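# Summary of the model geometry
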Amino acid sequence: MKYNSVFDIIGPVMIGPSSSHTAGAARIGKAARNLFGEEPAWVKIYLYESFAKTYKGHGTDFALVGGLLGFDTDDPRMSKALDIAKQKNIKVEFIEDDAKADHPNTARLVIGNSSEELELVGISIGGGKVEITELNGFALRLSGNHPAILIMHNDRFGAIASVTRILAKYEINIGHMEVNRKDVGKEALMVIEVDQNVEDRILQELENADHIMQISKIVS
């Protein structure tokens, strides 16, 4: 079982030339890498609106790939990320998508290897800050400003109650919670923002709760 941090909050030190197009893009890439749990073998990156028009000149391309390689936004290797990915035989494809997006700085990352695949949509909202708005077809809204738990579960009676009961036992306060499902009785995703980082032993107990399939965490 892997518990991953989606974001590393680093303050004002970041790569240029644009915090929205490079630092934000790097954090979107790293979010996908951390949720995937390892370095992908292949990457398809769909770019929308402003990202699609300026990604080469503003460094959005190498920043997204640098994040996927696990680089922090101020990592000196960031500008060489495309070359490093090529040396690692990671297949990278950029697609300029002309579809309308809700935000001009939007990227959809589809990454995988021979056995697994992950799809994530992120937007860069300025100043190096990002929001993750979709994960594997589930709508969500994550900024990384607060600790959070992402829980994939079966849409069954008692699943949510079993999770909240464990959090209450350890006096972990829920600041915000949302549940999204693809259809009644199918897979669902709980996104729970909490007031403090959750220890791995508590996450282990959560994973053993009723109808839980997989857990990831975001640390502040």
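Residues numbered from 1 in each chain as written. Predicted model: local features only at pLDDT ≥ 70, side-chain atom pairs only at ≥ 80, totals over all residues. Heavy atoms only, no water.

The following threshold applies: UniProt positions are given in the numbering used here, feature names are shortened, and annotations may be inferred rather than shown by experiment.
Taking an unreviewed UniProt entry as the reference, the protein is identified by name as L-serine deaminase belonging to Lentibacillus populi. Recorded in UniProt under Catalytic activity (unreviewed entry), the annotation for the protein is "L-serine = pyruvate + NH4(+)". If you open the UniProt record of the protein and go to Pathway (unreviewed entry), you find "Carbohydrate biosynthesis; gluconeogenesis."

## As for the sheet that holds strand β8 (residues 174-181)
Within a beta sheet, neighbouring strands are joined by backbone hydrogen bonds and run either parallel or antiparallel to one another. Here is the rule: The pairing criterion is simple: DSSP has to find at least two bridges between the two strands. Think of it this way: any DSSP run of H or I at least four residues long counts as a helix, any run of E at least two long counts as a strand, and we number them from the N terminus. All axes are obtained by fitting lines to C-alpha atoms, using only the stretch in contact for helices, and the reported angles, taken between N-to-C directions, cover 0 to 180 degrees. A contact between two residues is defined here by any heavy atoms of the two lying within 4.5 Å.
Pairing is antiparallel in the open sheet, where four strands are placed in the order β8-β9-β7-β10. Every interior strand has two partners, whereas the edge strands, β8 and β10 (212-218), have only one. The average undirected angle you get between the axes of adjacent strands in this sheet is 15°. Alignment of strand β7 (residues 148-154) against β10, held across six bridges, turns out to be antiparallel. Bridge pairing links Met 152 to Gln 214 in β10. On the sheet, helix α6 (residues 200-207) packs against β7 and β10 and is oriented at approximately 155° with respect to β10.

## Points about helix α5 (residues 159-169)
We count it as follows: Each residue's exposure class comes from its accessible area (1.4 Å probe, protein chains only) as a fraction of the maximum for that residue type: buried when under 20%, exposed when over 50%, partly exposed otherwise. For this quantity, the arc is that covered by the directions from the helix axis to the C-beta atoms.
Looking only at α5, the buried set comprises Ala 159, Ser 162, Val 163, Ile 166 and Leu 167. Across the axial projection of α5, the buried residues extend over an arc of 130°, all falling on one side. Residues of α5 that are exposed and point more than 90 degrees away from the buried face comprise Arg 165, Ala 168 and Lys 169. Of the residues flanking the end of α5, it is Glu 171, one or two places downstream, whose phi is positive at about 55°.

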